[in-house]
Amino acid sequence: QVQLVESGGGSVQAGGSLRLSCAASGRTFRRHTIAWFRQAPGKEREFVGGITSIAFDTYYSSSVMGRFTVSRDDVKSPLYLQMNTLKPEDTAVYYCAFRKDYSGTYRDPNDFDYWGQGTQVTVTS
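Draft legend 1. Just the sheet that holds strand E1 (residues 2-7), in detail. Taken in spatial order, the four strands make up an open sheet running E1-E3-E8-E7, and their pairing is antiparallel. The open sheet is flanked by E1 and strand E7 (68-71), the only strands paired with a single partner. Along the sheet, successive strands turn relative to each other by an average axial angle of 15°, direction set aside. In the sheet, strand E3 (residues 18-26) pairs with strand E8 (residues 79-83) via five bridges, with the strands oriented antiparallel.

Draft legend 2. Structural detail: the nonpolar core. With 27 residues, the main nonpolar core has Trp 36, Leu 81, Met 83 and Tyr 94 as its most contacted residues. Of all the secondary-structure elements, those providing two or more residues to this core are E1, E3, strand E4 (32-39), strand E5 (46-52), E7, E8, strand E9 (92-100) and strand E11 (119-124). With four residues, the single largest contributor to this core is E9. For Tyr 94, the residues in contact, after removing those within four places along its chain, are Glu 6, Leu 20, Trp 36, Phe 37, Arg 38, Val 48, Phe 68, Leu 81, Met 83, Gly 118, Thr 119 and Val 121. Formed by six residues, the second largest nonpolar core is a distinct cluster that contains Phe 37, Phe 47, Ala 97 and Phe 112.

Draft legend 3. Spatial organisation of the environment of Ala 97. Looking at where Ala 97 falls in the secondary structure, it is placed in strand E9. In this structure the C-alpha to C-alpha distance between Ala 97 and Phe 112, which are 15 residues apart in sequence, comes to 6.2 Å. Those residues within four positions of Ala 97 in sequence are excluded, and the remaining contacts are Leu 4, Thr 33, Ile 34, Ala 35, Phe 37, Phe 112, Tyr 114 and Trp 115.

Draft legend 4. Looking closely at the pairing of E4. Within E4, seven of the eight residues are buried, which leaves the element mostly enclosed by the surrounding structure. Pairing between E4 and E9: eight bridges, direction antiparallel. Bridged to Gln 39 within E9 is Val 93. Two strands pair when backbone bridges link them, and E4 and E5 are joined in this way by six bridges, in the antiparallel orientation.

Draft legend 5. Representation of the pairing of E1. The alternating pattern of E1 places Val 2, Leu 4 and Glu 6 on a buried face, while none of Gln 3, Val 5 and Ser 7, on the opposite face, is buried. Of the pairings in the sheet, the one linking E1 to E3 comprises six bridges and is antiparallel in character. Counted as the bridge partner of Ser 7 is Ser 21 from E3.

Draft legend 6. Spatial organisation of unusual backbone geometry. Of note, Phe 56 is a non-glycine position whose phi angle comes to about 55°, a positive value. Positioned with a positive phi, Thr 85 is a non-glycine residue whose angle comes to about 50°.

Draft legend 7. Looking closely at the packing of aromatic side chains. In total, this model carries eight aromatic pairs according to the counting rule given. A ring pair is formed by Phe 47 and Tyr 59, whose centres lie 5.0 Å apart and whose planes are at 15°; its orientation type is stacked. Residue Phe 47 is found in strand E5, and its partner Tyr 59 is found in strand E6 (residues 58-60); the two are separated by 12 residues along the sequence. Residues Phe 47 and Tyr 59 agree in their burial class; the two are buried. Taken together, the ring pairs connect Phe 37, Phe 47, Tyr 59, Tyr 95, Phe 112 and Trp 115 into an aromatic cluster. Between the NZ or CZ atom of Arg 19 and the centre of the ring of Tyr 80, over which it lies, the distance is 4.0 Å.

About the criteria used
Residues numbered from 1 in each chain as written. Predicted model: local features only at pLDDT ≥ 70, side-chain atom pairs only at ≥ 80, totals over all residues. Heavy atoms only, no water. Pairing = 2+ DSSP bridges. Helix = DSSP H or I, 4+ residues; strand = E, 2+ residues; numbered from the N terminus. Axes fitted to C-alpha atoms, helices over the stretch in contact; angles between N-to-C directions. Core = buried A, V, L, I, M, F, W, Y, C linked by side-chain atoms within 4.5 Å. Buried < 20%, exposed > 50% of the residue type's maximum accessible area, 1.4 Å probe, protein only. Contact = heavy atoms within 4.5 Å. Phe/Tyr/Trp six-rings, centres within 6.5 Å; stacked < 30°, edge-to-face > 60°. Lys NZ or Arg CZ within 6 Å of the ring centre and 35° of its normal.

Here's what the structure looks like:
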């Protein structure tokens, strides 16, 4: 089992920045993928950005490319999501997700095994 706890959400004006954190605990998997998703009211959960455990490759959705950065110092450190130039359409609950045993550029929520409880991000215009 892997436990994920997100933090860092809040309310910010458009153009501002926030940094989210995701702390993972529990069993260790050498090969894994860890990623951020978000879900706005009435919409499906969508992929935001992720990082692989082997090469530490980062990958992003087109909607956040160039504005958001996923980072992690090592496989045991927290996962971060630095969000810059925030827009009202970025408003959502942001979730951290973990796929065990596989390190790759996964984007489908169904590919992930463990989820955090989410943290709310609200961007006002």
